[in-house]
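Each chain is listed here by its residues.
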Amino acid sequence: MAKLSIGGQAVIEGVMMRGPKEVAVAVRKADGTIDIDVNPVNSIADRYPILKKPLLRGVVALFESLVMGMKALSYSAQVSGEEDEQMDDKEMALTMLVSVALAVGLFIAIPTWSMRFLQQWTSSSLTLNLAEGFLRMGIFLVYIAAISSMEDIQRVFKYHGAEHKTIFTYEAGLPLTVENVRTFPRLHPRCGTNFLMIVMLISIFIFAFLGWPNLVERILSRILLMPVVAGISYELIRFAGKNNDKPWVHRMIMPGLLLQKLTTREPDDEMIEVAIASVKAVLPEEELQKVELQKVELKVPDSIALKSPVLTED
């Protein structure tokens, strides 16, 4: 049975799930009930079909995921009681701008500026670019390790695990029950963590051949080429998702899967219930009925990533 394309993201005390036509945010409220907010998907690619072409669709998917993710986080914070009210559009735009600026500073400006200390030993542009890329990767891994040690973030990462396990269950065509979801792995080959790892690796390769101009030109060149890096990375993760049964493809995405051991945690049953609610909210009624009619039980070891056409967006 062909599956619809769904993908998700963990939020505060909940899960955001995007289906073909709707996006839902399911959040566990302080009183124990689950609040579900469902809205239509309004993708710019539907208005401009050219944006669905390879490379371009990756840039669109990344931008829309950032916007939807920010809105979902704001909504979940308000519903779960973490914040008194949601951010308005201006506050959200400002938050995104600040976040992008911090990311540029941490992952682009600092690594390339730091190479000034290496220039006293080499003037090779290739060596400097590669060293910069590996420093960027190191900063990224340290950042992930640091936030994964925070107690509040660990709880979000448990919902991240619940999201993956629930998507696996849907892909397998099983009824969306806590018992079925619990048996599946939390490491998903199309996770946003995998995407970020591929972005880091592709950027090392592309930036290696840019020469070594002055600091401002280096920073600008890397910013301007990030849509290209994102587009290529998106196509690679789509390919990996469709060919994950091939051993060499599975080995290729193994670094991203291993990194998910930090960005996901095993969820409890109440978290799984929230993830199930988010998936059900974006499935058309006829599709949901097909899934619920399946009665086959399936056990899957945690080390196995199943092949499926779904890309998760975290």
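S.K.: Sorry if this is basic, but what is going on with unusual backbone geometry here?
M.R.: With glycine set apart, most residues show a phi of negative sign, and most peptide bonds adopt trans. Phi at E13 takes a positive value of approximately 55 degrees, unusual for a residue other than glycine. The backbone of L55 shows a phi angle near 80 degrees, a positive value even though the residue is not glycine. Checked against the element boundaries, L55 lands in the loop between helix 1 (44-47) and helix 2 (56-80). We classify L55 as partly exposed; its relative accessible area is 45%.

S.K.: Is there a simple way to explain a negative patch on the surface in this structure?
M.R.: A contiguous patch of negative charge, built from E82, E83, E151 and D152, is present on the exposed surface. In this fold, E83 is placed in the loop between helix 2 and helix 3 (89-114).

S.K.: What is the right way to read the pairing of strand 3 (residues 22-28) from this model?
M.R.: Within a regular strand, side chains alternate between the sheet's two faces. The buried count for strand 3 comes to six of seven residues, which makes it a mostly enclosed element. Two strands pair when backbone bridges link them, and strand 2 (residues 14-18) and strand 3 are joined in this way by five bridges, in the antiparallel orientation. From the neighbouring strand, V15 faces strand 3, where its bridge partner is A26. Joining the antiparallel neighbours strand 2 and strand 3 is a turn of three residues. Taken together, the seven bridges between strand 3 and strand 4 (residues 34-40) define a ladder with antiparallel strand orientation. Counterpart to A24 in the pairing with strand 4 is V38. Linking strand 3 back to strand 4 in an antiparallel pair, the connection comprises five residues, with G32 at a positive phi of about 95 degrees.

Criteria and cut-off values
Residues numbered from 1 in each chain as written. Predicted model: local features only at pLDDT ≥ 70, side-chain atom pairs only at ≥ 80, totals over all residues. Heavy atoms only, no water. Helix = DSSP H or I, 4+ residues; strand = E, 2+ residues; numbered from the N terminus. Buried < 20%, exposed > 50% of the residue type's maximum accessible area, 1.4 Å probe, protein only. Patch = residues over 30% accessible without salt bridge, like charges linked within 9 Å, V, L, I, M, F, W, Y side chains within 5 Å. Areas by Shrake-Rupley, 256 points an atom, 1.4 Å probe, with all protein chains shown as cover. Salt bridge = Lys/Arg side-chain N within 4 Å of Asp/Glu carboxyl O. Lys, Arg positive; Asp, Glu negative; His and termini not counted. Charge placed at Lys NZ, Arg CZ, Asp CG, Glu CD. Pairing = 2+ DSSP bridges.

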